[in-house]
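Residues per chain, in single letters:
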Amino acid sequence: MNFELPDTTRMIRDTVREFTQRELYPLESLIVRREADRGMRDDPLLPPELEHELQEKARRIGLWGIDVPEEFGGQAFGMLAKCVVTEQLKHSIVPFVPPPDSPNLYLLKEQCKGAQIDRYLMPYVRGEKKSCIALSEEGAGSDAAGIRTRAERRNGKWVINGAKMWISNARRSHFMIVVAVTDPTKGSRGGMTAFLVDRDTPGVSIPTSYPMIGEYHPYQVFFDNVELDDAQVLGEVGNAFVPITNRLGVRRLDIASRCLGLAERCIQMMIEQANTRKTFGSFLADRQAIQWMIADSWQELEMVRLLVYQLAWKIDNGATDFRREGSMVKVQATELIQRVADRAIQLFGGMGLSKELPLEYIARSARVLRIVEGPSEVHRWVIARDILRNGLPA
């Protein structure tokens, strides 16, 4: 049992850490100001021209296609390396991760076939196209099996009708992965199908957005008699539920990696403040209350990091069902960052509440993470259900 990161992964980690400090830290005040100024609008927090510039800089130093298979032009370093990259980038609040986004990549590379590879997968891998997944609906958020959007066969076409809610990046995506019911009698057991839908397809509209905390600004998407060819079925008809569930597991791993990076940034700031700030004649570092804040935060971070890296390692070694582990890392990491950010603000006092530091932004954004991709309560239920049915894992 070897807990050392591979040499290549450590090299990537150090490269990304330097990139984050050099390129992302200086942009943080801009992100805080744009988030405060945009109000109800859906302006991206990272201006497109800056995003493009960062992408080019990341490409030049090799931060591109980290977990993309070699046959698709990637570096094939795997999920563990991608988690380490995400963790290091999320030492900063700047919403930047080099494409492609791992969860949709995981689904597309497993399910795309024929012309779909050139039309969707390869442009996505190269960063030329963006995607989103349209799954959640009113009354079908955490319970993906409860979706009502229908896809029916008419005159040799698939026709989609329905509405999706809370769809991130819908207006900025070139195509959507849309999950619809194709056989209501089977539901999630053979009755759900995924489709590749170009955003500009007739009948697709995105009229409503939902201003939210931090960088999140999802949308409502309507499908009104949207006609699709068989070539736009992703995977097999009726068998979308398991691939989509595993895709969600990869997203939960991605969120957990983000939480690790943000938590370590908070702890680094706490250490620096404790060693330089004096109150009543003594450094904060000399006070037991502060010592315990830092000690607890670091212990919790290290334990969650082991869970995250273990799941990434399992995926790299061929795991095909990681629903329980995905729920575990989601719960532990999102609750970790909430505790650590709160302690950091408490240690900094009034300055921690101000927009002079990224701590208040981290704390607000972290609150979203305990709900998106399934609230903590649902994930605890998933874990308990698995253990009660199947017993403790060997």
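Placed above this text is the structure.
Remember, it's a predicted structure, so these values are computed and weren't measured experimentally.

Student: Even after reading the chapter, I still don't get helix 2 (residues 28–37), so can you show me in this structure?
Tutor: Every α-helix winds through 3.6 residues per turn, so residues three or four apart in the chain are directed the same way. All of the buried residues in helix 2 are Glu-28, Leu-30, Ile-31, Val-32 and Glu-35. Two residues or fewer past helix 2, Gly-39 is found with a positive phi of approximately 55°.

Student: When you look at the packing of aromatic side chains in this model, what are you seeing that I'm missing?
Tutor: Centre distance and the angle of the planes are the two values used to describe a pair of aromatic rings. Enumeration according to the criterion identifies 6 aromatic pairs in this entry. Between the aromatic rings of Phe-19 and Phe-96, the centroid separation amounts to 6.2 Å while the plane-to-plane angle is 40°, which identifies the pairing as tilted. Here Phe-19, found in helix 1 (residues 7–24), pairs with Phe-96, found in the loop between helix 4 (79–89) and helix 5 (102–111); they are 77 residues apart in sequence, far enough to count as distant. For the pair formed by Phe-19 and Phe-96, the shared burial category is buried. Here the aromatic residues Tyr-120, Tyr-124 and Phe-175 are joined through ring pairs into a cluster of three or more. When the ring centre of Trp-64 is taken as reference, the NZ or CZ atom of Arg-59 above it lies at 3.7 Å. The ring of Trp-158 has Arg-153 lying over it, and the distance from NZ or CZ to the ring centre is 5.0 Å.

Student: Can you walk me through the packing of helix 7 (residues 241–276) against helix 9 (residues 323–348) in this structure?
Tutor: In a pair of packed helices, the angle between the axes and the distance between the axes together describe the arrangement. Viewed as axis vectors pointing N to C, helix 7 and helix 9 meet at an angle of 20°, and their least axial separation amounts to 8 Å. When the axes of helix 7 and helix 9 are compared, the pair comes out roughly parallel. With respect to the hand of their crossing, helix 7 and helix 9 are arranged in left-handed fashion.

Student: What exactly am I supposed to notice about the environment of Ile-66 here?
Tutor: Residue position: Ile-66 is located in the loop between helix 3 (48–60) and helix 4. Judged by its relative accessible area of 5%, Ile-66 falls in the buried class. Each C-alpha atom, one on Ile-66 and one on Phe-77, is 5.6 Å from the other, the two residues being 11 residues apart in sequence. Here Ile-66 is in contact with Gln-75, Ala-76, Phe-77, Gly-78, Ala-81, Lys-82 and Val-85, once residues within four sequence places are set aside.

Student: Where do I start with the environment of Gln-332 in this structure?
Tutor: Along the chain, Gln-332 turns up in helix 9. Residue classification places Gln-332 among the partly exposed positions, given a relative accessible area of 34%. Once the C-alpha coordinates of Gln-332 and Ser-354 are considered, the two residues, 22 residues apart in sequence, prove to be 27 Å apart. Dropping the residues within four chain positions of it, Gln-332 is found in contact with Val-304 and Leu-307.

Student: Even after reading the chapter, I still don't get the pattern of salt bridges, so can you show me in this structure?
Tutor: Proximity of charged atoms lets side chains of opposite charge pair with each other. One pass over the full model with this rule turns up 37 salt bridges. The salt bridge involving Asp-67 is made with Lys-82; its shortest N-O contact spans 3.6 Å. Remark: Lys-82 occurs in helix 4 and Asp-67 occurs in the loop between helix 3 and helix 4; sequence separation between them is 15 residues. Across the pair Lys-157 and Asp-229 runs a salt bridge whose closest N-O atoms are separated by 2.4 Å. On the criterion of sequence distance, the pair formed by Lys-157 in strand 3 (residues 157–167) and Asp-229 in the loop between strand 7 (219–228) and strand 8 (233–234) is long-range, its members being 72 residues apart. For Lys-157, a relative accessible area of 29% corresponds to the partly exposed category. Given the relative accessible area of 35%, Asp-229 is considered partly exposed. Three or more residues joined by partner-sharing salt bridges are found here, namely Glu-18, Arg-22, Glu-23, Glu-53 and Lys-57.

Student: For this particular structure, what's the right way to read the packing of helix 8 (residues 288–316) against helix 9?
Tutor: Contact pair helix 8 / helix 9: the axes reach a minimum separation of 10 Å and the direction vectors enclose 155°. If you check the angle between helix 8 and helix 9, you find them roughly antiparallel. Where helix 8 crosses over helix 9, the two elements pack in a sense that is left-handed. Residue-level contacts link Ile-290, Met-293, Ile-294, Asp-296, Ser-297, Glu-300, Leu-301, Val-304, Leu-307, Val-308, Leu-311 and Lys-314 of helix 8 to Glu-325, Gly-326, Met-328, Val-329, Gln-332, Ala-333, Leu-336, Arg-339, Val-340, Arg-343, Gln-346 and Leu-347 of helix 9.

Rules used in this analysis
- Residues numbered from 1 in each chain as written.
- Predicted model: local features only at pLDDT ≥ 70, side-chain atom pairs only at ≥ 80, totals over all residues.
- Heavy atoms only, no water.
- Buried < 20%, exposed > 50% of the residue type's maximum accessible area, 1.4 Å probe, protein only.
- Helix = DSSP H or I, 4+ residues; strand = E, 2+ residues; numbered from the N terminus.
- Phe/Tyr/Trp six-rings, centres within 6.5 Å; stacked < 30°, edge-to-face > 60°.
- Lys NZ or Arg CZ within 6 Å of the ring centre and 35° of its normal.
- Axes fitted to C-alpha atoms, helices over the stretch in contact; angles between N-to-C directions.
- Parallel < 35°, antiparallel > 145°, perpendicular 65-115°, else oblique.
- Left-handed = near helix turned anticlockwise from the far one by under 90°.
- Contact = heavy atoms within 4.5 Å.
- Salt bridge = Lys/Arg side-chain N within 4 Å of Asp/Glu carboxyl O.

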